[in-house]
Amino acid sequence: MGFVVTMITVLIAFVLIAGVVFRFMSETESKEAEILCQNSVVLRAATSVSLGSLEDVKAAPILCKTIDQKIKGNKNEVKKELADMMARCWWMFNEGRTPNLLSSLPGLGGKNKGFVCYTAIVEESKDFKGSDSITDFDVFLRDKSYPKMKNTTYLQYIQYRSGGPGRITMILPQEGNSGVIKPNRAFEIAFIEKKSDSNAWISTVLMGGGAVVGVAGAIVLALPTGGTSLIAVGAVIGGVALAGTGGVIEYQKLFEERDVNTIMVLDMSNNEIVNEFHKNVFMGDIASE
Amino acid sequence: MAVNKLVYYIIPLIVLGLIAWWQFGFGGLFENLKGGVKGVIEMAPNVSIGAEEELATEPTIPREHEEAINNLVETIEKMVTSPKKNCFLNYKLLGKNYGTNSGMPSLGEGGTTISFQLKGDKTEMLIAGGAGGKQEVTRLRKEIAGFKPCVIAGSNEITKNFFNRYLGQGQILGDNYKPVSIINIFYDTDGDNGNAIRVPEFGNEPVNDEGDNFEDEGWLFKAEDGSICFFPTNKVMSADDDGLVYGNINQINTKVGVVGSGLDYCYTWTE
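Residues numbered from 1 in each chain as written. Chains lettered and ligands numbered in written order. Predicted model: local features only at pLDDT ≥ 70, side-chain atom pairs only at ≥ 80, totals over all residues.

### Structural notes on the sheet that holds strand 16 (residues 264-265) of chain B
All names here are of chain B.
In step 1: A sheet is described by the order of its strands in space; here six strands give the open sequence 8-7-12-11-2-16, paired in mixed fashion. Each of the sheet's edge strands pairs with one partner strand only, and the pair in question is strand 8 (178-179) and strand 16.
In step 2: Two elements, strand 7 (residues 149-151) and strand 8, share two bridges in a ladder whose sense is antiparallel. Note on strand 8: the bridge partner recorded for Cys150 is Pro179.
In step 3: The strands touched by helix 3 (residues 63-81) within the sheet are strand 2 (87-90), strand 11 (219-222) and strand 12 (228-230), with strand 11 carrying the most contacts at an inclination of about 20°. (Pairing = 2+ DSSP bridges. Helix = DSSP H or I, 4+ residues; strand = E, 2+ residues; numbered from the N terminus. Contact = placed C-beta atoms within 7 Å. Axes fitted to C-alpha atoms, helices over the stretch in contact; angles between N-to-C directions.)

### Considering the domain arrangement of chain B
In step 1: Segmentation of chain B into domains returns domain 1 (2-43) and domain 2 (63-265).
In step 2: Taken over C-alpha atoms, the centre of domain 1 of chain B sits 84 Å from the centre of domain 2 of chain B. (Domains from an automatic or database assignment.)

### Some points on the packing of helix 2 (residues 75-92) of chain A against helix 4 (residues 154-161) of chain A
All names here are of chain A.
In step 1: Helix 4 packs onto helix 2 with a crossing angle of 15° between their chain directions and a minimal axis gap of 10 Å. The angle between helix 2 and helix 4 falls in the class roughly parallel. Taken as a pair, helix 2 and helix 4 cross one another with a handedness that is left-handed. Within the contact between the two elements, helix 2 uses Ala83, Met86, Ala87 and Trp90 and helix 4 uses Tyr154, Tyr157 and Ile158. (Parallel < 35°, antiparallel > 145°, perpendicular 65-115°, else oblique. Left-handed = near helix turned anticlockwise from the far one by under 90°.)

### Focus: the nonpolar core
In step 1: B:Ile127, B:Ile152, B:Leu220 and B:Cys229 are the most contacted members of the largest nonpolar core, which totals 57 residues.
In step 2: Listed in part, the 56 residues of the second largest apolar core include A:Trp90, A:Phe191, A:Leu266 and A:Phe282. (Core = buried A, V, L, I, M, F, W, Y, C linked by C-beta atoms within 7 Å. Buried ≥ 20, exposed ≤ 12 C-beta atoms within 10 Å, placed from the backbone.)

### Observations regarding the confidence of the model for chain B
In step 1: On average, chain B scores 88 in pLDDT, and the residues at 70 or more come to 91%.
In step 2: Model confidence for the complex is summarised by a pTM of 0.78, with the ipTM given as 0.75. (pLDDT = per-residue confidence, 0-100.)

Take a look at the structure:
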């Protein structure tokens, strides 16, 4: 009898301890992956060699991989988690200081216009139910301080406070005039690299006959097949979404003119956009390519 | 003995001197060596280690743009607080000649964007500039209480009704302004280059398919319900869904404040 009790106690203890250890390992793995990625990017920048006409030869590999995360909590916690991921993604890519980090990478099959740092699944919770929406994520990024940098908001951090010039673009489902974050949705948080020449990726899909209506310093992308209206939140991206031309809002500029390094948040509910996005942006483990 | 010692030292010194002259003298070996090394250096590729870094500065816009925007905001605020309705006010800075027909200076390609977005009973103004004109200039963000944006455009009927009432025979017909929730103003290069006004909720057209369509000369109109309207313009028609033609905007210039014209200022400087 005593033996059975002991065994049960040991098994329960094992399950509890294993759970804690696995969780710890998982979190540690994410942190390690972030640090490894950032270090490899910095090393690649530092060891870049210009030799005569051979400009900017980068020898050190980038060792980044897409990190999968789940987010659960109330609205503020979800906003903070997403904002932190955006800031860390910016940090991992040397805060936009180094040009041509990704474009010079071989073996990515053309998917070197950007890198998906995180996929985040926002789970439903008792404080953030299925019918709830976060409508003011742009305000959060503009007003809330980034804890790792004194007197600096998330938006300031990415735009100019540290490193090169940057901007934020979010392509989110639309409610009223706002782009919203809803539970039970998956998001990708990516670093899109600056490239001065025009590049017509993604926009061709967005053009595909769909009504394109801009709203809210922003762009609503009402796709014919996707069914989901997506909005690019312009409050944060500034002039991009605010621009318009030729009868339609100039959303192409959002995607074509990668003239500023960008942290992009993409709601993954529209397959058409996501597929096009993945044709151009690398996702997974770069080192294994 | 002493002479021997002297020769013993002097001869090597002379030889050393000769060697030094041969090596370092004018056109000597050392010069040749220098020239040779210099040539090698010039031929060698320029080697540098470490990627060039790009560092950001706080996003900003030109001072002239900022002054014009500040005056636009002040003008809107005066109109909002004024008890008058169906009246006009001009936001163009006095004495400024921007070389355009717009009340704003040329906002520049990849330059400044002004966006108004209605949020409940106030309107938020966001300014974009900085790198590529795509960064938010957070310092200039402003909320204007009581400001409901509208345009004199959106349908033939609206613009013609406005024209008839204020620039034509003075007939009061139907609606003569269109309330909107978002207005964006920036420099457009698609079609006619120039400052452009966009109303995203209009979709492909009206207004949004016109280039250089913000030839408003700085005029704003306060409508019956207190909305403050911008004037999109068109290049051809007197008054259609894209707005008034520039010539009619000029009529506002000459008529506002003139007794009997029916066009009143929303605010006078004696108030």
